[in-house]
Number of protein chains: 2
Amino acid sequence: MNQDDYNALRARIERAYAPATFDKHGQTAVALMAEFLNGSQHSANAVLNWRAPTSNIEEAQALLNDGADVGELIQAIFAHGQTIHDPRYMGHQVPAPVPMSALFEAVSSLSNQGMTVYEMGPWSSAVERVMMQTLGEQLGLTPGFGGILTSGGSIANLTALLTARNIALQGTWANGISEGRDKAVIVAHGESHYSVERAAGILGMGTHNCLKAALDEHSKIDVAKLDEQLHSLRAQGKTVIAVVAAACSTRTGSYDPLRAIARVCKAHQVWLHVDAAHGAAAAFSDDYRHYLEGIEEADSVVWDAHKMLFMPALSTYLFYRKSANQYQALNQSASYLFDANAMLSEQYNTGLGTLECTKRAAAFSLWATWAVHGKQLFADLVNITYGMARTFARHMLQHPHFQLLNEPEANVLVFRYVPSALRGADAGVIGAFQVGLRKRLIESGEFYIVPAVDRGHQALRMVIMNPLTSEAEFAGLSAALQRHAEQMLAQN
Amino acid sequence: MNQDDYNALRARIERAYAPATFDKHGQTAVALMAEFLNGSQHSANAVLNWRAPTSNIEEAQALLNDGADVGELIQAIFAHGQTIHDPRYMGHQVPAPVPMSALFEAVSSLSNQGMTVYEMGPWSSAVERVMMQTLGEQLGLTPGFGGILTSGGSIANLTALLTARNIALQGTWANGISEGRDKAVIVAHGESHYSVERAAGILGMGTHNCLKAALDEHSKIDVAKLDEQLHSLRAQGKTVIAVVAAACSTRTGSYDPLRAIARVCKAHQVWLHVDAAHGAAAAFSDDYRHYLEGIEEADSVVWDAHKMLFMPALSTYLFYRKSANQYQALNQSASYLFDANAMLSEQYNTGLGTLECTKRAAAFSLWATWAVHGKQLFADLVNITYGMARTFARHMLQHPHFQLLNEPEANVLVFRYVPSALRGADAGVIGAFQVGLRKRLIESGEFYIVPAVDRGHQALRMVIMNPLTSEAEFAGLSAALQRHAEQMLAQN
């Protein structure tokens, strides 16, 4: 390239990278974000801005092609999305994040300190280490624990089960699964998150070898039956890679009896993995900490900061009871990264334990939010959302149309809305009604709740993931469901 | 909880979520980010702020405990990290991101539209779809392609190879790998990214069954030898899950001859996976597009936007030549998400193809940067960095102390610095000298380059990942290496 071409090119690059332009765009972005936050908190617009995918795709394509400006693009994102900050959002387990966290995500992105090796993110590696230690202590883990930060609960469950597989089936990492189908199994909470069964498929064990542990009537692992199951599997010559317990379970938010499960696993010398992606945050609350009793006996624990610590996705802490086990997941050299002449102990090179090579500096938000607000905020967030689920449950029990299907331990409610006209109807009819009702409700943009299945039939589910959701929202939801139900019945 | 307790709790939550506070913190953050950008671009401070991990951990811990404010915390992140925006950064394949992208990461985080199912992120799903389509077309893929956005190149390689495994070994997903060790193999570029070998370990095939394809003297797959290898493996009764080609290779940035490799794979009916995490961006450049010829014949292709599209980590596009293959990776139902009564075609539920359940809305940055700057910016970024590597190579060839070890196709240079006093010394001695030299250099904070191994001995490596890196930086690096080399020699 000649000098003139280079100069022109360089000038265009300098424009795109200009600090002054960034500053101007930054002002715009902050103002729009503050406005969005304010509007959302006051339910100024729809919760879910429902449109068919093709309409959204067409508009996103048009904005891409038409040289939109920064402000227009941000407004489009807010106008057409799911509005998690609206207190009428009561959907999946994705929180309305503490707003300041978004600023630290920007700082993280701009500085782009990718880790893998310590050199690439000396500060992000240090902050990750501090938050790993701090959260582990909050959880009551025993000194000597370790862990890594990774991109989501599903990937963390996979990583933990990979570790358990490599330990239970020595030589598998290098040589592959050698004994053929149906020897190695996982025994998981009967309603464990889908990523657990997927992990069995990914790891070469097969999803059919992810066996369900029997549950009691509260959707908790039945400990006596687990013990029997492990005995029986041993008698059949099976190797149990791991037992997977839930704290709490995805569908209903129920916490497994961890102490008793740990005792059974210890007796059978089986790895205990606890998927506490959602529920580990109870460790911050004097009222709810007891649900986690025994978690320190687990061999591995998953905790999503992007659930009940109200951080943006994705930021998952995977703990190992024994720090050294984190190196059993992935055991390999890469000379250009983890070289033999490393400047320091490999324990600071986070990439040795993560599926990711380049990784986002995902711990800054939590670290900063904790530093500014103290850990009281995390206790408050758990207490207000878990408490509100109990308040909602009380209202449901008193309301003639709500059928509450779980006794909430966390902030999850499973229920059906059954107007008088449908009382006594066939379960399939009532189930189908829930699907239709939810469709109307969410397309209206008034509230956002999600589907569930209970005892084979459709139901509704909500998770209080916005700490600003209050009793007023219950009243509004109740009225909206009644109105939509009446319209549906009138149309039939 | 009684009403007074609730009110106090609610008041604390409202303070943490107050739009006005967010606005104030946002102003601070934007000003500090602009200042950091400006300082970095002018090399105002160290590139790598080198300190031992324990010092950083202690300070991060102290800031957490001492109730630091937002400004202090941001300054700590900038002061103690790796300064990718400094043009003297020439390290691993992590770019100085286009600054405006950081603002869209903040917008993404604040609105936290997690996808998995379309409802949870109607706009983020649409934008992902648009960028998938747009990048695929830019790459020259044939209509009918599809794909997903995921958390990094390593996870994308794993996902693609999982798909290939499930297709080659029917029934493996459900039943596990049944045939025992040493039957199923992967044949990968002899210097493929470490995630490829790891994938064999994770997928239950065993890392020993990740075989190396022979390379020619330019670190490219030798096509004739690949053909022989595939013949020989078939004769041995092996099932080749996939051939993995590099575009470009991690260590040297060399592009494999994709058209010829695709022809061989087709003849053997073997899945071709192209790891184009780094090099796919050449598709934007009239000068370098030819390196990718034949990529449209690959069955799967990985492209990291957080490499040569200069976006923040993590944002990886995984393409499948046949759109339907994306559903072969993970095949499972989760009634509370992907229910039979889904409101729309499952093709819009991105979680069906990703290892993640909740996922970050990671396409906004690229979409917005493209909309504002047009695709010319991406051509410019490739042209200036690939071009600068050639300029650096020319200078090295003219310099008596530099030994250039590759002929750069991308923006990667592998070299040794050998002062006159060491000429003719033992290769091991020269290798050890590279390690010592790099340690001094990077601890000085003057430049950041990385280690490599070439023909069994230590070498140095740089990747031009900052588009503002210019010939002035080569002169500075050269002078710094000379100074440190002289000091090392004087101390011996």
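Predicted model only: the values in this text are computed from it and were never measured. (Residues numbered from 1 in each chain as written. Chains lettered and ligands numbered in written order. Predicted model: local features only at pLDDT ≥ 70, side-chain atom pairs only at ≥ 80, totals over all residues. Heavy atoms only, no water.)

Participant: How should I be thinking about the interface of chain B and chain A in this particular structure?
Facilitator: Note: interface size is frequently given as the accessible area lost on complex formation between the parts. Residue-level contacts link 171 residues of chain B with 170 residues of chain A. Approximately 15200 Å² of surface area, both sides summed, lies buried where chain B meets chain A, with 69% of it carried by carbon and sulfur atoms. The interface formed by chain B and chain A includes 4 salt bridges. One salt bridge connects B:R438 with A:E119, and the closest N-O pair in it is separated by 2.5 Å. Our count for the chain B to chain A interface comes out at 47 residue pairs in polar contact (both at pLDDT 80 or more). Top contributing element to the side of chain B that touches chain A by residue count: helix α2 (residues 19-41) of chain B, with 15 residues. Its residues assigned to classes, the side of chain B that touches chain A comprises 97 nonpolar, 51 polar and 23 charged. (Contact = heavy atoms within 4.5 Å. Buried area = accessible area lost by both parts, 1.4 Å probe. Salt bridge = Lys/Arg side-chain N within 4 Å of Asp/Glu carboxyl O. Polar contact = N/O pair within 3.5 Å; in protein donor to acceptor, adjacent residues only side chain to side chain. Helix = DSSP H or I, 4+ residues; strand = E, 2+ residues; numbered from the N terminus. Nonpolar A, V, L, I, M, F, W, Y, C, P; charged D, E, K, R; others polar.)

Participant: Sorry if this is basic, but what is going on with the relation of the copies chain B and chain A here?
Facilitator: Here two copies of a chain appear, and what relates them is a rotation about an axis with a shift along it. For the pair chain B and chain A, the relating rotation is 180°, the translation along its axis is 0.0 Å, and the fit reaches an RMSD of 0.0 Å. Viewed as a symmetry operation, the transformation between the two copies matches a two-fold axis. Here 99% of the contact residues of chain B are again contact residues in chain A; the copies associate through an equivalent surface. (Least-squares fit on C-alpha atoms with pLDDT ≥ 70 in both.)

Participant: What exactly am I supposed to notice about the pattern of salt bridges here?
Facilitator: Pairing is possible between side chains that carry opposite charge, provided their charged atoms lie close to one another. On inspection of all chains with the given rule, the structure shows 38 salt bridges over all chains. Linking A:R12 and B:D380 is a salt bridge whose minimum nitrogen-to-oxygen distance equals 2.6 Å. Separated into two different chains, A:R12 in helix α1 (residues 3-16) and B:D380 in helix α13 (residues 376-398) make up a pair that spans both. Judged by relative accessible area, which is 31%, A:R12 ranks as partly exposed. Judged by its relative accessible area of 2%, B:D380 is buried. (Buried < 20%, exposed > 50% of the residue type's maximum accessible area, 1.4 Å probe, protein only.)

Participant: I would appreciate a short explanation of the domain arrangement of chain A in the present structure.
Facilitator: Residue and element names in this part refer to chain A. Annotation of chain A at the domain level lists domain 1 (3-42 + 49-82), domain 2 (113-359) and domain 3 (376-491). Here domain 2 and domain 3 have C-alpha centroids that lie 32 Å from each other. Counting from both sides, the interface comprises 23 residues of domain 2 and, opposite them, 23 residues of domain 3. In total, domain 2 and domain 3 occlude about 1800 Å² of area from one another, counting both sides; carbon and sulfur atoms represent 60% of this. Considering only the side of domain 2, the residues that lose the most area to domain 3 are R251, Y288 and F310, jointly responsible for 35% of the buried surface there. For the interface between domain 2 and domain 3, the tally reads 2 salt bridges. K220 is the partner of E409 in a salt bridge, and the nearest nitrogen-oxygen pair spans 2.7 Å. Its residues assigned to classes, the side of domain 2 that touches domain 3 shows 11 nonpolar, 8 polar and 4 charged. (Domains from an automatic or database assignment.)

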